[in-house]
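# Residue-level structure breakdown
If you want the building blocks of each chain, they are given just below.
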Amino acid sequence: MVQNESYRRYTEEDEMSCSPSSSSSSSTCSFSAQLISIVEETISAIPSEIPGTNDDDSTAPTDSDANCTPRKKKKLTKRSDTPPFYSFSSSNNTKRNDVLMKLNQEKIDVLLGPIRKALEEVDAEQFLSLKRIMKKGNADGAVLKDGINVHPIHDQIVPKHHYKTTSTSKTSTSIVRYLHITEVENQYSIGIFVFPPHTIIPLHDHPGMVVLSRVLYGDLMVKSFDLLHHDHHPDHFDEKEDDKDHNDDNQSNSKSSWLGYILSLFYSSSKQHPKSTSQKPNGTKKASSQKIKHLTAPGISILYPQKGNAHEFTAGPNGAAVLDVLLPPYNYEHERNCTFYRVVKDDQQHGNDANAKNEKGEEKQQKCWLLPVAQPKDFHCLSGKYGGLGDANDD
């Protein structure tokens, strides 16, 4: 089998750049290499087509949110004779990505089970060379796991930036750091988002993608939305029902912002906040809001091509670090753009229906519309380097 050149370049260069000058960088490279190997092997197990697949096999959430019929899980076995490198043709990559979009959530969970297990087994303390806080009682610092807190690393990433730790996000700039690990085009990408205290990644989507996220330390509030199938866009939106502030004149940020760089390449000028309620911008999506979740280390979250596909992260008072595996990564040519949104409630919900609660007193899922907007001016995702991770020159 022909070796995958993109992956091969990564392993050779990174082993040289973080080869055992210290035990911490050696551990970092080891964890990265193990995770990459498992991701590569898992991808190789995804079929390029599904015999007998039909439209009924897809269980993407709909307006009725029908439940899936449980199916027998197929046991996955590790192939000991599989080489550490894989090579897939461009057409097979596309077919595998199409398969992920068609599979129901249960089948995706089975196929990607090895990746989830690998994420669960990551020793975040060694991986990031975290320092424990020895203070007894209610110790400060970010949660690593029950009873153990650590010092966050956002202020150790280079190049360094000044972070505002105020929780009043309306007036402060939200700077999130990104530590790149690797990416193989149209297959997967792996990286770590490092959140200083109270920082926010605004609401954005992951078109046709599955993303597995492992919280390495800290905690976050996650506001997610399921994407729903719909036949038409609304003719107008009631601006009074917008659930968050927005700026009409937002512009894409410079290449020094990771997500800003993506948007500067891929973001269409037509995807701007409408200046009139009679406009219905291209890219508007119908969605259903999920209950806001509190995700704490060492928790894992998974989003799917429809379920939970759009989300917003807000870090807690001690920040957080999240290890992400994207299958496949963002790619403009394959219509996988990173788009930011604002929320407008569905005007078909009136009165008590708009504030309905279940038997436990929890708010029910609410139908809404996601309107594409430019990247918020107060948000920046800046790449950097920490130990053997990331690239300080990725600008």
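Further up the page is the structure itself.
What counts and what doesn't
- Residues numbered from 1 in each chain as written.
- Predicted model: local features only at pLDDT ≥ 70, side-chain atom pairs only at ≥ 80, totals over all residues.
- Heavy atoms only, no water.
- Helix = DSSP H or I, 4+ residues; strand = E, 2+ residues; numbered from the N terminus.
- Buried < 20%, exposed > 50% of the residue type's maximum accessible area, 1.4 Å probe, protein only.
- Areas by Shrake-Rupley, 256 points an atom, 1.4 Å probe, with all protein chains shown as cover.
- Core = buried A, V, L, I, M, F, W, Y, C linked by side-chain atoms within 4.5 Å.
- Contact = heavy atoms within 4.5 Å.
- Pairing = 2+ DSSP bridges.
- Arc of directions from axis to C-beta.

### Let's talk about the overall build of the chain
Along the chain, the regular secondary structure elements total 7 helices and 15 strands. Relative to its 395 residues, the chain shows a buried fraction of 48%. Working note: accessible area of the chain is about 20200 Å², and carbon and sulfur atoms make up 47% of it.

### Quick word on the nonpolar core
Counting 45 residues, the largest nonpolar core has Phe127, Leu128, Ile192, Leu323 and Leu327 as its most contacted members. The biggest single contributor to this core is helix H2 (residues 23-44), with 5 residues. Discounting chain neighbours no more than four positions away, the residues touching phenylalanine 127 are Thr28, Phe31, Ser32, Val122, Ile181, Ile192, Leu216, Leu323 and Leu389. Listed in part, the 18 residues of the second largest apolar core include Val176, Tyr178, Val215 and Leu295.

### Describing the pairing of strand S3 (residues 174-184)
In terms of burial, S3 is a largely internal element, 9 of the 11 residues being buried. Bridge count for S3 against strand S13 (residues 379-383) is 5 bridges, and the pairing is parallel. Bridge pairing links valine 176 to cysteine 381 in S13. As defined by bridge partners, S3 adjoins strand S4 (residues 188-195) across 7 bridges and the pair is classed as antiparallel.

### A look at the pairing of strand S7 (residues 285-289)
Most of S7 is tucked away, with 4 of its 5 residues classed as buried. Sheet topology places strand S6 (residues 210-227) next to S7; 3 bridges connect them, and they run antiparallel. Bridged to aspartate 226 within S7 is serine 288. Both S7 and strand S12 (residues 367-373) contribute to a ladder of 4 bridges, which runs antiparallel. Each bridged residue has a counterpart across the sheet, and for alanine 287 the counterpart in S12 is cysteine 368.

### Looking at helix H5 (residues 113-120)
Residues that lie three or four places apart on an α-helix share one face, since the helix turns once every 3.6 residues. Those residues of H5 not exposed but buried are Ile115, Ala118 and Leu119. Buried residues of H5 fall within an arc of 100° about the axis and therefore sit on the same side.

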